[in-house]
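Okay, here's what each chain looks like letter by letter:
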Amino acid sequence: MLISLFLISVLGQVQFHKPDIEGKQGFLENTKRNGYFTEEHFVTTDDGYILRVFRVQSSAIQQRDKVVFWQHGLEDSADGGISNDEPRSTIYILARQGYDVWVGNTRGNSYSRNHTTLNPDQKKFWDFSFHDMAQHDIPSVLKYVRKITGKKIHYIGHSQGTTQMFAALSLEVPGVYENLLSFHALAPVTYLEDNKPLQTIANIKELPFIFNVLGIHEVGPNFFTTGPGRILCAYLDNKCMQLIASLMDYDVTLDNEKKADVILSHFLAGTSVTNLLHFRQLVLTKDFVYPDGKTQYKLENVKGKVFLYVGTQDKLGQVHAAKRLHQNLLQADVWYKEYYLGHSTFLFGKDMSYFQDVIDNINI
């Protein structure tokens, strides 16, 4: 009874913000509405997951002979690359350069919830982590794009998009190196050493048991636009963007809060509990390890051109962790630079001038 009265009092103070058309529509609709030529492709991995991949090109600029693949981070989707203002969104910037831009969606997110034999209602569908994305998703999409375009690929990853590529390269997964020209890691995440909020959560020993008992196998999607998340954000006077950013960025003023409604309309995009528990192992061990928490990925195996774009205000891809990563890339040709950016700022920053370095490095 008391809980009911509390909820009634809270809801009575809540004013729900309705997302504009950009927040309501998906990737295809938004890119086309902004004047970009967009295709939808479906890539089936060798373990049966059907990934929805988009191809984006500028309809106003002559195409160059460079192919770029853009991969989102944890709980994100292709929408993350177009949710900033149009001139500042990374995918639009790439398309305006005349690149042939391909955009991925990892297994289990809002765009990739299909399988040849399983469905999201089955526990087995969610039995994956970024280790599986490294072994199956990345080679599958790279081979597919190479087959369509006939060209090797410049890969740009943000956050988990870097994690799965570093895992794939360290494992020397067939189909990756032979289709890759360069790897651009925005806010790279391999070592999660000193993030106190993450450490506090990871130290809950009963966490796997709790998820299992409650029958929770996925987290998301669209938490902030439905149910409790929507109520929470409304009650916080729609300060959810700042709350989320504060977990990832030391300086939240760097992020474009004017786009908060759009960003939160597409976030969380969904992932598996198994994936989150794999990241938990990174926090607990302070190493870049397999899901078992014991076997380490051999970063010394990584070869080729690797570009590290590191934020000094990043709480997740911290500078000292990025330097440790750099030191362990013994065989790679590494380019390294630090910026006054937070983890989410790499996508949603007010100032996106850093991205010119990405363009320049692709054009080398």
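Criteria and cut-off values
Residues numbered from 1 in each chain as written. Predicted model: local features only at pLDDT ≥ 70, side-chain atom pairs only at ≥ 80, totals over all residues. Heavy atoms only, no water. Helix = DSSP H or I, 4+ residues; strand = E, 2+ residues; numbered from the N terminus. Buried < 20%, exposed > 50% of the residue type's maximum accessible area, 1.4 Å probe, protein only. pLDDT = per-residue confidence, 0-100. Contact = heavy atoms within 4.5 Å. Pairing = 2+ DSSP bridges. Axes fitted to C-alpha atoms, helices over the stretch in contact; angles between N-to-C directions. Parallel < 35°, antiparallel > 145°, perpendicular 65-115°, else oblique. Phe/Tyr/Trp six-rings, centres within 6.5 Å; stacked < 30°, edge-to-face > 60°. Lys NZ or Arg CZ within 6 Å of the ring centre and 35° of its normal. Patch = residues over 30% accessible without salt bridge, like charges linked within 9 Å, V, L, I, M, F, W, Y side chains within 5 Å. Areas by Shrake-Rupley, 256 points an atom, 1.4 Å probe, with all protein chains shown as cover. Salt bridge = Lys/Arg side-chain N within 4 Å of Asp/Glu carboxyl O. Polar contact = N/O pair within 3.5 Å; in protein donor to acceptor, adjacent residues only side chain to side chain.

Draft legend 1. Here's a closer look at unusual backbone geometry. The phi dihedral of serine 159 is positive, around 55 degrees, even though this residue is not glycine. Topologically, serine 159 is positioned in the loop between β6 (153-158) and α6 (160-171). For serine 159, a relative accessible area of 9% puts it in the buried group. Even without being a glycine, glutamate 172 presents a positive backbone phi close to 50 degrees. For glutamate 172, the position within the fold is in the loop between α6 and β7 (180-186). Glutamate 172 gets classed as partly exposed once you look at its relative accessible area, which sits at 40%.

Draft legend 2. Looking closely at the pairing of β6. β6 sits mainly inside the fold: six of its six residues count as buried. Of the two faces of β6, the one carrying Ile153, Tyr155 and Gly157 and the one carrying His154, Ile156 and His158 are both buried.

Draft legend 3. Structural view of the confidence of the model for the protein. Mean pLDDT over the protein: 88, with 86% of residues reaching 70 or higher. Below a pLDDT of 50 lies the segment residues 1-17, which in the model reaches 14 contacts outside its immediate sequence neighbourhood of four places, other chains included.

Draft legend 4. How the structure looks around the pairing of strand β2 (residues 49-58). Burial analysis of β2 places eight of its 10 residues in the buried class, which makes it a mostly covered element. Pairing geometry for strand β1 (residues 36-44) and β2, over nine bridges, is antiparallel. Bridge pairing in β2 links phenylalanine 37 to glutamine 57. A loop of four residues connects β1 with β2, the two strands running antiparallel in sequence, and glycine 48 in this loop sits at a positive phi of about 95 degrees. Both β2 and strand β4 (residues 100-103) contribute to a ladder of three bridges, which runs antiparallel. Within β4, the position partnered with arginine 55 by the bridge is tryptophan 102.

Draft legend 5. Molecular detail of the packing of helix α5 (residues 130-149) against helix α12 (residues 273-285). The geometry of α5 relative to α12 is characterised by a closest axis approach of 8 Å and an angle of 110 degrees between their N-to-C directions. As summarised for this structure, α5 and α12 are arranged roughly perpendicular, according to the angle between their axes. Across the interface between the two elements, Phe130, His131 and Met133 of α5 pack against Asn275, His278, Phe279 and Leu282 of α12.

Draft legend 6. Spotlight on the packing of aromatic side chains. Scanning the entire structure with this criterion turns up 22 aromatic pairs. Centre to centre, the rings of tyrosine 36 and tyrosine 92 are 4.5 Å apart; their planes meet at 15 degrees, and the pair counts as stacked. Residue tyrosine 36 is located in strand β1, and its partner tyrosine 92 is located in helix α4 (residues 90-96); the two are separated by 56 residues in the primary sequence. An identical accessibility class is assigned to tyrosine 36 and tyrosine 92; each is buried. Between tyrosine 155 and phenylalanine 183, the aromatic rings sit 5.6 Å apart at their centres with planes inclined by 70 degrees, giving edge-to-face as the arrangement. Separated by 28 residues along the polypeptide, tyrosine 155 in strand β6 and phenylalanine 183 in strand β7 bring together distant segments of the chain. A relative accessible area of 0% places phenylalanine 183 in the buried class. Taken together, Phe307, Tyr309, Trp335, Tyr339, Phe346, Tyr354 and Phe355 form an aromatic cluster joined through their ring pairs. Seen from the ring of phenylalanine 128, arginine 107 lies directly overhead, with NZ or CZ sitting 5.8 Å from the centre. A cation over a ring is seen here: arginine 324 above tyrosine 191, with NZ or CZ 3.8 Å from the ring centre.

Draft legend 7. Quick peek at a nonpolar patch on the surface. A surface patch of nonpolar side chains, about 640 Å² in accessible area, is lined by Ile201, Ile204, Phe209, Ile210, Val213, Leu214 and Ile216. Considering every element that reaches the nonpolar patch, the biggest residue donor is helix α8 (residues 207-214), with four residues. Position of leucine 214 relative to the elements: it lies in helix α8. Owing to a relative accessible area of 57%, leucine 214 belongs among the exposed residues under this scheme.

Draft legend 8. Quick look at the side chain of histidine 154. Examined against the element boundaries, histidine 154 turns out to sit in strand β6. Judged by relative accessible area, histidine 154 falls into the buried class, the value being 8%. One polar contact links histidine 154 to serine 182, side chain to side chain, over a distance of 2.6 Å. With residues up to four places along the chain from it excluded, the contact list for histidine 154 reads Lys66, Val67, Val68, Phe69, Leu181, Ser182, His184 and Ile362.

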